[in-house]
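A closer look at the structure
Letter by letter, the chains look like this.
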Amino acid sequence: MASLSLKNICKVYPNGFEAVKDFSLEVEDKEFIIFVGPSGCGKSTTLRMIAGLEEISSGELYIDGKLVNDVEPKDRDIAMVFQNYALYPHMTVFDNMAFGLKLRKVPKDEIKRKVEEAAKILDLEKLLDRKPKALSGGQRQRVAMGRAIVRNPKVFLMDEPLSNLDAKLRVQMRSEISALHHRLGATIIYVTHDQTEAMTLGTRIVVLKDGVIMQVDSPQKLYNEP
Ligand code: ADP
Ligand code: ADP
């Protein structure tokens, strides 16, 4: 269960630049929200504020009705998947997936169980001892997802997770993410430039420009109307 409520959120960077202006959005449990818009329109900044990696300058962020503006990232029950995977090159797949759990002092046997469970879902069972450099792009992306899944978060934030993959893998991973969304029953906010991804994955699409929401609509409405 996770609903999100963003109320009049603004981000002013220390240099005075206003990257996000009066951003308000209600996200229901299990929604798959897509952020689209040109480079620099504030998509990543918004995700980072939701994750707690960037301070909210003004406005309020609620998760399941609880104000979380001042809650530490690790206590927000949110997992983020980045475009560059951010895997540790010197660690095995297992250790990469286990990292966030170790950080939270989860008992060893529980870590093992959770990593193996996620590896099964993502078809990584035979690769747990490998280092990232011995994996394909799609496999690395799965490890990045696995690292998010093991924590069983209420909310997934994904920042162009497929943009480094070739076209064929993108199509494959797209349907895997869709299946994952249903299987985990998670709430997802997903940034993409790809219209097909937005249409096939999203329950609602948020169009941003210069830090302002221009439109919020279903994919059908946004892309199919004359
Ligand atoms: P998007 O993800 O849509 O490409 P970002 O959220 O990364 O956009 O950036 C939004 C705007 O904020 C851009 O104009 C960017 O240059 C600016 N920006 C990002 N980080 C900083 C920062 N630390 N200081 C000042 N401006 C920043
Ligand atoms: P969490 O879900 O708590 O962020 P992660 O395993 O994703 O757990 O990462 C823990 C911390 O390490 C985070 O602050 C993250 O930004 C940072 N981190 C993750 N991967 C890398 C990396 N490859 N290089 C540097 N820092 C990283």
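In what follows, the structure referred to is the one given above.
These figures come from a predicted structure and were not determined experimentally. (Residues numbered from 1 in each chain as written. Chains lettered and ligands numbered in written order. Predicted model: local features only at pLDDT ≥ 70, side-chain atom pairs only at ≥ 80, totals over all residues. Heavy atoms only, no water.)

1. Digging into the overall build of the protein
Across its full length, the protein holds 7 helices and 10 strands. For 226 residues, the compact-globule formula gives about 17 Å, and the C-alpha radius of gyration of the protein, at 17 Å, lands near that figure. Sorting the 226 residues of the protein into buried and exposed places 48% on the buried side. Residue pairs in contact within the protein that sit at least 24 positions apart in sequence constitute 67% of those at least 6 positions apart. Accessible surface for the protein amounts to roughly 11500 Å². Of this, 50% is attributable to carbon and sulfur atoms. (Helix = DSSP H or I, 4+ residues; strand = E, 2+ residues; numbered from the N terminus. Rg over C-alpha atoms; globule rule 2.2 N^0.38 Å. Buried < 20%, exposed > 50% of the residue type's maximum accessible area, 1.4 Å probe, protein only. Contact = heavy atoms within 4.5 Å. Areas by Shrake-Rupley, 256 points an atom, 1.4 Å probe, with all protein chains shown as cover.)

2. Looking at the sheet that holds strand E2 (residues 18–27)
The strand order across the open sheet built from 4 strands is E2-E1-E4-E5, with neighbouring strands paired in antiparallel fashion. Strands at the two margins of the open sheet, each flanked by one partner only, are E2 and strand E5 (66–67). As paired elements, strand E1 (residues 4–12) and strand E4 (residues 58–63) share 5 bridges and run antiparallel to each other. By the bridge assignment for E4, leucine 4 is matched with isoleucine 63. (Pairing = 2+ DSSP bridges.)

3. Considering the site of ligand 2
All residues in the neighbourhood of ligand 2 are listed as Ala86, Leu87, Tyr88, Phe99, Gly100, Leu103, Arg104, Arg147 and Arg151. Contacts to ligand 2 include arginine 104, whose side-chain N or O atom sits 3.0 Å from an oxygen atom. Within the side chain of arginine 151, one N or O atom sits 2.5 Å away from an oxygen atom of ligand 2. Here ligand 2, which alone exposes 540 Å², has 56% of that area covered by the protein. (Near = heavy atom within 4 Å. Polar contact = N/O pair within 3.5 Å; in protein donor to acceptor, adjacent residues only side chain to side chain.)

4. Quick look at the environment of glycine 202
Residue placement: glycine 202 occurs in the loop between helix H6 (195–201) and strand E9 (204–209). By relative accessible area, which is 12% here, glycine 202 ends up buried. Apart from the residues within four sequence positions on either side, glycine 202 is in contact with Phe32, Ile34, Glu197 and Pro219.

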